[in-house]
Amino acid sequence: MTQTKALRVTNLKAENYKRLVAVDISPTGNVVTIAGRNAQGKSSVLDALWAALAGGDASRATQQPIREGQDSAVVRLDLGDIVVTRRWTKDDAGTLTVESADGARYSSPQKLLDEMLGRRAFDPLAFVRQTPKEQVATLVSTVDLPFDPVDLERQRKGVYDQRTEVGRDVARLEAQLASFPDHDPDLPEEEQPASALLAEADAAREQNAKIDQLARDLEQRANAVQAAERAVAEAQDRLAAAKDSYVLVQTAWRDRPEQIDVAAIVERLDGLEASNRRIRAQRERAALAAQLAEVKGRQAQHTIKLQAIEKQKADALAAVEFPVPGLSFDDAGVTLHGIPLSQASSAEQLRVSVALAMAANPKLRVLRIMDGSLLDSESMDIIAELAHENDYQVWVEVVDESGKVGVVIEDGQVAR
């Protein structure tokens, strides 16, 4: 047996389920309002609806399903072509029976119900309260994407992390490059050796030492002449010799070369070292600039890859038919016409939530809305409009003390 027709609830019976004593509800219209004061069993009606269909997946609805003081509970749901009955006792977690209209039983009842429920048993207001990431997951579950969002995000994050790492190298190299002086085009490419100037300085020192020695010799000879003159009478021969020697030294003094400025040579040597330091720095700067250019190139390649991934994602999303025109998602969350859904009006958010709920349950056209009292009249009108347009049945729980709204639940029973 197979079941393909879209179904709605034609009758709900529940006995001793949670706060309910016994209820029998045959809903009419597209919006079924379950009303009453607090703690009377309104939520138990909607929980019974979902407990019958979802079983163990409806964890809130199936937690302590038996009314206090009772031994068993039962929920019977007539969907027109099939009847769903779920029973609980104190000794078991619940039994499920699904029968066709002619009384034939399905061999895999929960599998059948799961197929009818679609991807997600959906409460539209729950979607509005979800975080952006949870909303994206809900949206993705309602459509068939031509790509794996998790895999694509993993690729994007991998490339993004790589680009971030390369970006750190770029920042580090740029900081290092900024610490060097600007390029000087007048500096030679290679450092200049100091050996030639050192040799020149040594030669100058040697020559100057000879000149200094010559000066000292001249002074000594002059003293000798004076001494000889004082003793001319006694040492004529020595005076003549001294005069001859003096003449020789005087001639050498007259022919002496100019004295060399050693300080200037030392100053040039110091300048050479400074120049060589600048040459080294310039060569290191050039190498660092080349490395920076190469790393920036790799950074640009990662950026191009990221752009390609984003384009792939955008093209794929553009081809997807979402339940609501203009609906999509990005890294931040669900978007509507390009802006975050959280920035859309409450009415727009509600329309999106209800549309997604309807898309998630294409076979069983039944939705439930807990805490319907939080909705204003405009929101209720939107829900009624969408339910009518899409032939859906929406069960809404509201707090009401007038006793004049919808199906009134009082002390676990239908009061009106």
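What counts as what
Residue positions are given per chain, counting from 1 as you read along its sequence in written order. Only residues with pLDDT of 70 or above have their local features reported here, since the model is predicted, and side-chain atom pairs are shown and tallied only from 80 upward, although totals for entire chains, interfaces and linings are computed over all residues. Hydrogen atoms and water are omitted, and side-chain values are computed over all heavy atoms in the structure. A fitted line through C-alpha atoms represents every axis, and for helices the fit uses only the stretch in contact; the resulting angles, taken between N-to-C directions, go from 0 to 180 degrees. Starting at the N terminus, helices and strands are each numbered in turn, a helix being any DSSP run of H or I of at least four residues and a strand any DSSP run of E of at least two. Here the angle decides the label: under 35 degrees means roughly parallel, over 145 means roughly antiparallel, 65 to 115 means roughly perpendicular, and every other value means oblique. Helix crossings are classified by the rotation of the near helix relative to the far one: an anticlockwise turn of less than a right angle makes the crossing left-handed, while a clockwise turn makes it right-handed. Just so you know the grouping, Ala, Val, Leu, Ile, Met, Phe, Trp, Tyr, Cys and Pro go in nonpolar, Asp, Glu, Lys and Arg go in charged, and all remaining residues, Gly too, go in polar. The term nonpolar core refers to a set of buried residues drawn from Ala, Val, Leu, Ile, Met, Phe, Trp, Tyr and Cys, joined through side-chain atoms within 4.5 Å. Only protein chains enter the accessibility calculation, which uses a 1.4 Å probe; a residue whose area is less than 20% of its type maximum is buried, one above 50% is exposed, and one in between is partly exposed. Whether two strands pair depends on DSSP finding at least two bridges between them. A contact between two residues is defined here by any heavy atoms of the two lying within 4.5 Å. The distinction between a cavity and a pocket rests on a 1 Å grid over the protein atoms alone: a 1.4 Å probe fits inside a cavity but cannot get out, while a pocket stays open yet meets protein on both sides within 12 Å along at least five of seven lines, and a residue with an atom within 4 Å of a point counts as lining. Grid points are joined across faces, edges and corners, and a volume is the space filled by probe spheres set on the points. Any helix carries an expected span of 1.5 Å times its number of residues minus one. The term salt bridge refers to a pairing of a side-chain nitrogen on Lys or Arg with a carboxyl oxygen on Asp or Glu at a separation within 4 Å.

**Student:** What should I look at first to understand the packing of helix α6 (residues 149-178) against helix α9 (residues 262-319) in this one?
**Tutor:** Between two packed helices, the angle of one axis relative to the other and the distance separating the axes together describe the packing. In the contact formed by α6 and α9, the axes pass within 9 Å of each other and the chain directions differ by 160°. Classed by the angle they form, the pair α6 and α9 counts as roughly antiparallel. Two packed elements cross with a definite hand, and for α6 against α9 that hand is left-handed. Within the contact of α6 with α9, the residues separate by chemical class into 13 nonpolar, nine polar and ten charged.

**Student:** Please explain the nonpolar core as it appears in this structure.
**Tutor:** Taken as a class, soluble globular proteins show a tendency for nonpolar side chains to be buried jointly. Ranked by size, the top nonpolar core spans 39 residues in total, and within it L79 and W395 carry the most contacts. Among the elements that take part in this core, helix α1 (residues 42-54) stands out by supplying nine residues, more than any other.

**Student:** Would you mind going over the sheet that holds strand β8 (residues 334-336) with me for this structure?
**Tutor:** Think of a sheet as strands paired side by side through backbone hydrogen bonds, with each pair either parallel or antiparallel. Read across the open sheet, the three strands follow the order β7-β8-β9; overall the sheet is antiparallel. Two strands in the sheet have a free side with no partner beyond their single neighbour: β7 (327-329) and β9 (339-340). Here β7 pairs with β8 via three bridges, running antiparallel. The residue of β8 that forms the bridge with F329 is V334. On the sheet, helix α5 (residues 132-141) packs against β7 and β8 and is oriented at approximately 120° with respect to β7.

**Student:** In this structure, what is going on with the layout of surface pockets? I would like to understand it.
**Tutor:** Taking a probe equal in size to a water molecule and rolling it over the atoms shows the remaining empty space. The calculated volume of the largest pocket comes to roughly 390 Å³. Around the largest pocket, the lining is made up of 18 residues, and of these V136, P149, E153, F329 and D330 lie nearest the centre. Of all the elements in the fold, those that place two or more residues in the lining of the largest pocket are α5, α6 and α9. Its residues placed into classes, the lining of the largest pocket shows ten nonpolar, one polar and seven charged.

**Student:** Quick question: what am I supposed to make of α1 here?
**Tutor:** The terminal C-alpha atoms of α1, which comprises 13 residues, lie 19 Å apart, in line with the 18 Å expected from a rise of 1.5 Å per residue. By the criterion of burial, α1 is predominantly enclosed, with twelve of the 13 residues buried. The set of residues buried in α1 consists of K42, S44, V45, L46, D47, A48, L49, W50, A51, A52, L53 and A54.

**Student:** Help me understand the pairing of strand β12 (residues 407-410), please; the structure alone is not making it clear to me.
**Tutor:** Regular strands show a simple pattern: their side chains alternate between the two faces of the sheet. When strand β3 (residues 31-35) meets β12, the two strands line up parallel, connected through two bridges. Within β12, the residue paired with A35 across the bridge is V408. What sits between the antiparallel neighbours β12 and strand β13 (residues 413-414) is a turn of two residues, in which D411 has the positive phi angle 50°.

**Student:** Even after reading the chapter, I still don't get the pattern of salt bridges, so can you show me in this structure?
**Tutor:** One side chain can pair with another of opposite charge once the charged atoms of both are near each other. If you walk through the whole model with that rule in mind, you get 26 salt bridges. Here R156 ties to E153 by a salt bridge, and the two come within 3.2 Å at their closest N and O atoms. Taken as a pair, R156 and E153 lie in helix α6 at a separation of three residues, close to a single helical turn. Here D184 ties to R278 by a salt bridge, and the two come within 2.1 Å at their closest N and O atoms. Here the residue D184 occupies a position in the loop between α6 and α7 (195-230), and R278 occupies one in helix α9, the gap between them amounting to 94 residues. For D184, a relative accessible area of 19% corresponds to the buried category.

**Student:** Which parts of the structure should I look at to understand the packing of α1 against helix α3 (residues 109-117)?
**Tutor:** Interhelical geometry of α1 versus α3 gives an angle of 120° and a closest axis separation of 8 Å. By the criterion of interaxial angle, the relationship of α1 to α3 is oblique. Residues W50, A52, L53 and A54 of α1 pack against Q110, L113 and L117 of α3. Partitioned by chemical class, the residues of the contact of α1 with α3 number six nonpolar, one polar and no charged.

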